[in-house]
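Each chain, letter by letter, is given below.
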Amino acid sequence: MTGTIHHVGVAVDDLDAAIARWAALFGATLEHRERVEDQGVEAASLRIGESRIELLAALGAETPVGKFLAKRGPGLHHVAFATADVGAELVRLKADGVELIDETPRQGMFGLQVAFIHPEATGGVLAEFVGNE
Ligand code: CO
């Protein structure tokens, strides 16, 4: 079953400025920064105590985050839940007829398995599963 919230994803226009902003406001420290070509983002994982914020800058206007920014502007993008088995969660949800973005897990930041669930399923919030490290 699903565990804790792994991170909250935030779409940003300027990754460097956002990292500095979250550091100044909340003492966030940069844990990891990576271009995830598959998702069309440059991402920065920040730690605030035990919590994680994932800042997402689009690699292009036609990427999912690029379209999100054009439509809604910077802000809350998704909530990610840690789980022992991403594939099993997808099978469980698919059996319940839940609309998925990813039918199978793919590789995300830190080389961890991830998968996204369509916002329709949650009432407007994009949700993500992240496999345990
Ligand atoms: Co994420």
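Conventions used here
- The residue numbering used here restarts from 1 in each chain and proceeds along that chain's sequence as written.
- Local features in this predicted model are restricted to residues of pLDDT 70 or higher, and side-chain atom pairs are both shown and tallied only at a pLDDT of 80 or more, whereas totals for entire chains, interfaces and linings draw on every residue.
- Derived side-chain values reflect all non-hydrogen atoms in the structure, with water molecules and hydrogen atoms excluded from consideration.
- Donor selection uses N, O and S atoms within 2.8 Å of the metal (3.2 Å for Na, K and Ca). Since no water is included, sites may look incomplete.
- Tetrahedral means four donors with every angle between 85 and 135 degrees, whereas square planar (four donors) and octahedral (six donors) require angles over 155 degrees between opposite donors and between 65 and 115 for all others; sites fitting neither are termed irregular.
- Helix and strand assignments follow DSSP, with helices taken as H or I runs no shorter than four residues and strands as E runs no shorter than two, numbered in order from the N terminus.
- The classification of residues rests on relative accessible area computed with a 1.4 Å probe and restricted to protein chains. Under 20% of the type maximum is buried, over 50% is exposed, and intermediate values are partly exposed.
- Strands are treated as partners if at least two bridges between them are detected by DSSP.
- Pairs of N or O atoms within 3.5 Å make up the polar contacts considered here, provided that, within protein, one atom can donate a hydrogen while the other can accept it, and that residues adjacent in sequence are counted only when both atoms are side-chain atoms.
- In what follows, a contact means two residues having at least one pair of non-hydrogen atoms within 4.5 Å.
- Directions are taken from the helix axis to each C-beta atom, and the arc is the one they span.

Now for the coordination of the cobalt ion. Bound to the cobalt ion are the protein donor atoms His-7 (NE2), Glu-54 (OE), His-78 (NE2) and Glu-128 (OE), situated 2.0 to 2.3 Å from the metal. Around the cobalt ion sit four donor atoms; with metal-centred angles ranging over 87 to 167 degrees, the donor geometry is irregular. All donors of the cobalt ion belong to a single chain; written as a sequence motif, their spacing is H-x46-E-x23-H-x49-E. Placement of His-7 in strand E1 (residues 2-12) and of Glu-54 in strand E4 (residues 51-58) is noted, with a sequence separation of 47 residues between them. Assigned by exposure class, His-7 and Glu-54 land together as buried.

With six of six residues buried, strand E8 (residues 126-131) is to be regarded as a mostly interior element. Alternating residues of E8 divide into Leu-126, Glu-128 and Val-130 and Ala-127, Phe-129 and Gly-131, and every residue in both groups is buried. Taken together, the six bridges between strand E5 (residues 75-83) and E8 define a ladder with parallel strand orientation. By the bridge assignment for E8, Thr-83 is matched with Gly-131.

Right, let's talk about the side chain of Thr-63 for a bit. Of note, Thr-63 is situated in the loop between E4 and helix H2 (64-72). Engagement of the side chain of Thr-63 in a polar contact is seen with the backbone nitrogen of Gly-66, the distance being 3.0 Å. Residues within four places of Thr-63 in sequence aside, it is in contact with Gly-40 and Ala-58.

The next thing to look at is H2. Every buried residue of H2 is accounted for by Val-65, Gly-66, Phe-68 and Leu-69. Seen along its axis, H2 keeps its buried residues to an arc of 160 degrees; they face one direction. In H2, the exposed positions angled more than 90 degrees off the buried face are occupied by Pro-64, Ala-70 and Lys-71. Backbone geometry just downstream of H2 places Gly-73 in the positive-phi region, at approximately 80 degrees.

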